[in-house]
Amino acid sequence: MIAPAEQPYVEWLDQVWSQKLSGDHHEGVRLTVGILLWPTFPMMSLTGIIESLRHAGDYGDHSRQRYVRWEIIGAVGRKVISSCGIEITETCRYVDPTAFDYVFVIGGLLKDLGDVPLGHRRYIKVAQRAGCTLVGVCTGSFVLAEEKLLSGTPAAIHPYHKTDFELAFPGHRLTTSVDFVRSGKIATIPGGTSILSFMTDIIDSHFGPDRAAKTVHQLSLTGKRALTKLDRLGISKHLNISDPRVQKALVLIDANIEDTPSIPKLADQLGLSERHFLRLFKKEVGRSPQDYIVNARLNAAVWMLQNTTQSTTSIAYAAGFASGSSFSETCKRRLGKTPTQLRKRKAETIGQASAPRQGRGERSRWDSA
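These notes cover the structure that comes with them. Here the structure is a predicted model, which means the values were calculated and not measured. (Residues numbered from 1 in each chain as written. Predicted model: local features only at pLDDT ≥ 70, side-chain atom pairs only at ≥ 80, totals over all residues. Heavy atoms only, no water.)

For the rest of this paragraph, the subject is the environment of Leu-36. Looking at where Leu-36 falls in the secondary structure, it is placed in strand β1 (residues 31–37). Classification of Leu-36 as buried rests on a relative accessible area of 0%. Each C-alpha atom, one on Leu-36 and one on Val-103, is 7.3 Å from the other, the two residues being 67 residues apart in sequence. Apart from residues no more than four positions distant in its own chain, Leu-36 is found in contact with Ile-73, Tyr-94, Val-103, Phe-104, Val-105, Ile-106, His-120, Tyr-123 and Ile-124. (Helix = DSSP H or I, 4+ residues; strand = E, 2+ residues; numbered from the N terminus. Buried < 20%, exposed > 50% of the residue type's maximum accessible area, 1.4 Å probe, protein only. Contact = heavy atoms within 4.5 Å.)

Here it is in structure tokens:
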């Protein structure tokens, strides 16, 4: 279905969803989420889960738990204090975990990980035995590791807690360069805005790309404003793109840089024909989608070269290149330098390299204001 130019984007996405429902005759709840909160948990992690679900689970901005359901698990009425001091009330008892598709474990400050009701840890073990998917968020990954539930799976850890995790769990593999790691029924998320990437992924898998696109759209900044330092670091750098569909394509690419959706899939997610998408993207960005993807991967890889100690090959795979040699060849062709040379130059700027010109809405994450 092609979105009419005059039709509001969210309204069009809701129309796509409505037609899909009418085709499969499934009007009930499709995704259920339980959340275990540790004392001094980060509000961003909780709100990232809830805000994503409420936008995906209803039409417009009604925010009803119509197609999704979420509960804060524990003792009904008991309050948990977040790291910022705001209290959140637990809404659901320790019910049968098979009632939930996912159980999120949101850890708090490391000093407070032991100060939690015994029922929380017992519930995690019961949920694991019941086959429920467990998701460790922020220091929730520490909790899953303490309960010996990671089973050798690499943990996605925030760089701030890297040393803490290595000291607590010597020899356990970890990564600080991805938004999440998912292996079977276990997932770990570093915290911060990475939660939005994971939520978009599960919304896509349970509801389809139209609901995922709506979530991305509703949680994105769409108005024009001055570029901030946060924007220059690559968090929200597409505000000068005038077409919202291209904005969303750029967000989807940047959020999945290690496994970028194919051009046909991107076009389909945006409700465009592949030919129309290619033409529109080139007009708005000033380069083809494939060229933008290569440059985005290169941006991510150079940042990792200069800010981590990972090997060149590990960085190449993390940034979505097919191999270490492919990454090296791209570096030499576009930047005129090898990965080793780039690692020595902390302030390397892709905008000064021989890559094709940037479009009017794209900035390298190292560009100056």
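Time to look at the pattern of salt bridges. Per the counting criterion, the structure on display carries 10 salt bridges. The partner of Glu-147 in a salt bridge is Arg-121, with the nearest N and O atoms 2.7 Å apart. Placement of Glu-147 in the loop between α4 (140–146) and β7 (155–156) and of Arg-121 in helix α3 (residues 118–129) is noted, with a sequence separation of 26 residues between them. Assigned by exposure class, Glu-147 and Arg-121 land together as buried. Where Arg-334 meets Asp-291, a salt bridge forms, and the shortest distance between an N and an O atom there is 2.4 Å. Of this pair, Arg-334 sits in helix α14 (residues 324–335) while Asp-291 sits in helix α12 (residues 289–307), placing them 43 residues apart in sequence. Given a relative accessible area of 9%, Arg-334 falls into the buried group. The exposure class assigned to Asp-291 is buried, which follows from its relative accessible area of 14%. Each of Arg-121, Lys-125, Glu-146 and Glu-147 takes part in a single network of salt bridges with overlapping partners. (Salt bridge = Lys/Arg side-chain N within 4 Å of Asp/Glu carboxyl O.)

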